[in-house]
Amino acid sequence: LVSGTDGVGTKLKLAFLMDQHNTVGIDCVAMCVNDIACSGGEPLFFLDYIACGKNYPEKIAAIVGGVAEGCVQSDAALIGGETAEHPGLMPEDEYDLAGFAVGVCDKKEMITGEELKAGDVLIGMASSGVHSNGFSLVRKVFEKELTKEGLDTYYDVLGKTLGEALLAPTRIYVKALKSLKEAGVQVKACSHITGGGFYENVPRMLKEGTHAVIKKDSYQVPPIFKLLAEKGEIAEEMMYNTFNMGLGMIVAVDPSQVDAAMEAIRKTGDVPYVVGSIEAREKRVTLC
């Protein structure tokens, strides 16, 4: 059995401002089940926990609707949850959302990184945007835009409103990783790019003596990150140390299996890129 627990974090502040509560549930499920998928497991079930200042039934229904959608996307059963009213502890119009999932994995199919070697190829899967990490920095950068009016402003560079770009739900990669397994592709190592970006998450998939080299120009960085970097005057290294920069999941496969892996990922509607390779050096990641 493998398990994961997580919350949506300060991204919820945007949901409050926009009064849009039907997508954060997907984020909550995604943060838990992506970690399970990362270790080679398939989610079995999910439970959510909502703490609110006051129980507004329509709002709770919208949140749980998102949770249910996340469970559909990850083939997990939503078996229950808890809604707790905390008057006096939280403002009436605010809530916090967290959850946990339990999954299952054959021991021989666990992704451990033990068979990783020099020459293995890194494949990245496109993210849907900022996902659910780095929102304290996002809110600092867009401080002046954090009003209903500001978030409803359309940006040509984004092709949508700022609120739509930031609130886009986290991509769920469960089906992509399952498709790789079904195609007979051995995923030697896997990294879910969450808080801490590339510099903190990629080394977790490596064993001693292996070094990940990722080429920054090997895939398309979504415009929301370019806007964040320019507006916030954030150094490139800081961006890659905070955000997913357009890649939500990175897997390492044998060079002979790259084509099969790319096809298996595309089959689930995900967008794969060959983004780098493994070298025999000290255990860390280099972005070039």
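The present account deals with the structure reproduced in this document. Keep in mind that what you see is a predicted model, and the values were worked out from it rather than measured.

1. Thoughts on the overall build of the chain
Part 1: When its secondary structure is counted, the chain shows 11 helices and 12 strands.
Part 2: In terms of C-alpha radius of gyration, the chain reaches 19 Å, essentially the compact-globule figure of 19 Å for 288 residues.
Part 3: Along the longest, intermediate and shortest principal axes, the C-alpha atoms of the chain span 55 × 45 × 30 Å.
Part 4: Within the chain, the fraction of its 288 residues that count as buried is 53%.
Part 5: At a minimum sequence separation of 6, the contacts of the chain that also span at least 24 residues come to 86%.
Part 6: Of the roughly 12,700 Å² of accessible surface on the chain, 51% is carried by carbon and sulfur atoms.

2. Looking at the packing of helix H2 (residues 24-38) against helix H3 (residues 57-73)
Part 1: As a packed pair, H2 and H3 sit with axes 6 Å apart at the nearest point and diverge in direction by 45°. The angle between H2 and H3 places the two elements in the oblique class. As H2 packs across H3, the resulting crossing turns out to be right-handed. Counted together, Gly 25, Ile 26 and Val 29 of H2 and Ile 63, Gly 66, Val 67, Glu 69, Gly 70, Cys 71 and Gln 73 of H3 form the full contact between these two elements.
Part 2: Class assignment for the residues of the contact of H2 with H3 results in 5 nonpolar, 4 polar and 1 charged.

3. Focus: the layout of surface pockets
Part 1: By volume, the largest pocket is sized at about 330 Å³.
Part 2: Residue lining of the largest pocket: 21 residues in total, with Glu 109, Met 110, Ile 111, Gln 186 and Val 187 positioned closest to the centre.
Part 3: When residues of the lining of the largest pocket are assigned to their parent elements, the largest contribution, 4 residues, is made by helix H7 (residues 174-182).
Part 4: Among the residues forming the lining of the largest pocket, the class breakdown is 7 nonpolar, 6 polar and 8 charged.
Part 5: The calculated volume of the second largest pocket comes to roughly 240 Å³.
Part 6: Lining of the second largest pocket is provided by 14 residues; of these, Cys 38, Cys 190, Ser 191, His 192 and Arg 204 occupy positions nearest its centre.
Part 7: Those elements that place two or more of their residues in the lining of the second largest pocket are H2 and strand E8 (189-192).
Part 8: Residue contributions to the lining of the second largest pocket peak at 4 residues, all from E8.

4. Some thoughts on the side chain of Ser 132
Part 1: Position of Ser 132 among the secondary structure elements: in the loop between strand E5 (121-126) and helix H4 (135-141).
Part 2: With relative accessibility at 8%, the residue Ser 132 sits in the buried group.
Part 3: There is a polar contact of 3.1 Å between the side chain of Ser 132 and the side chain of Asp 27.
Part 4: In this structure the side chain of Ser 132 is engaged in a polar contact, spanning 2.9 Å, whose partner is the side chain of Thr 170.
Part 5: If sequence neighbours within four positions are ignored, Ser 132 has contacts with Val 8, Lys 11, Asp 27, Met 31 and Thr 170.

5. Here we look at the sheet that holds strand E1 (residues 2-7)
Part 1: Pairing in this open sheet of 4 strands is mixed, and the strands run E1-E4-E2-E3 from one edge to the other. Every interior strand has two partners, whereas the edge strands, E1 and strand E3 (77-85), have only one. On average, each strand axis in the sheet is inclined to that of its neighbour by 15°, with strand direction left out of account.
Part 2: Here strand E2 (residues 42-52) runs beside strand E4 (residues 95-104); their pairing, made up of 10 bridges, is antiparallel. Each residue of the ladder has a partner; that of Ile 50, found in E4, is Leu 97.
Part 3: Lying on the sheet, H3 is in contact with E2, E3 and E4; it crosses E2 at an angle near 165°.

Reading the values: rules and limits
Residues numbered from 1 in each chain as written. Predicted model: local features only at pLDDT ≥ 70, side-chain atom pairs only at ≥ 80, totals over all residues. Heavy atoms only, no water. Helix = DSSP H or I, 4+ residues; strand = E, 2+ residues; numbered from the N terminus. Rg over C-alpha atoms; globule rule 2.2 N^0.38 Å. Buried < 20%, exposed > 50% of the residue type's maximum accessible area, 1.4 Å probe, protein only. Contact = heavy atoms within 4.5 Å. Areas by Shrake-Rupley, 256 points an atom, 1.4 Å probe, with all protein chains shown as cover. Axes fitted to C-alpha atoms, helices over the stretch in contact; angles between N-to-C directions. Parallel < 35°, antiparallel > 145°, perpendicular 65-115°, else oblique. Left-handed = near helix turned anticlockwise from the far one by under 90°. Nonpolar A, V, L, I, M, F, W, Y, C, P; charged D, E, K, R; others polar. 1 Å grid on protein atoms, 1.4 Å probe; cavity = no way out; pocket = protein on both sides within 12 Å on 5 of 7 lines; lining within 4 Å. Points joined across faces, edges and corners; volume = space filled by probe spheres on them. Polar contact = N/O pair within 3.5 Å; in protein donor to acceptor, adjacent residues only side chain to side chain. Pairing = 2+ DSSP bridges.

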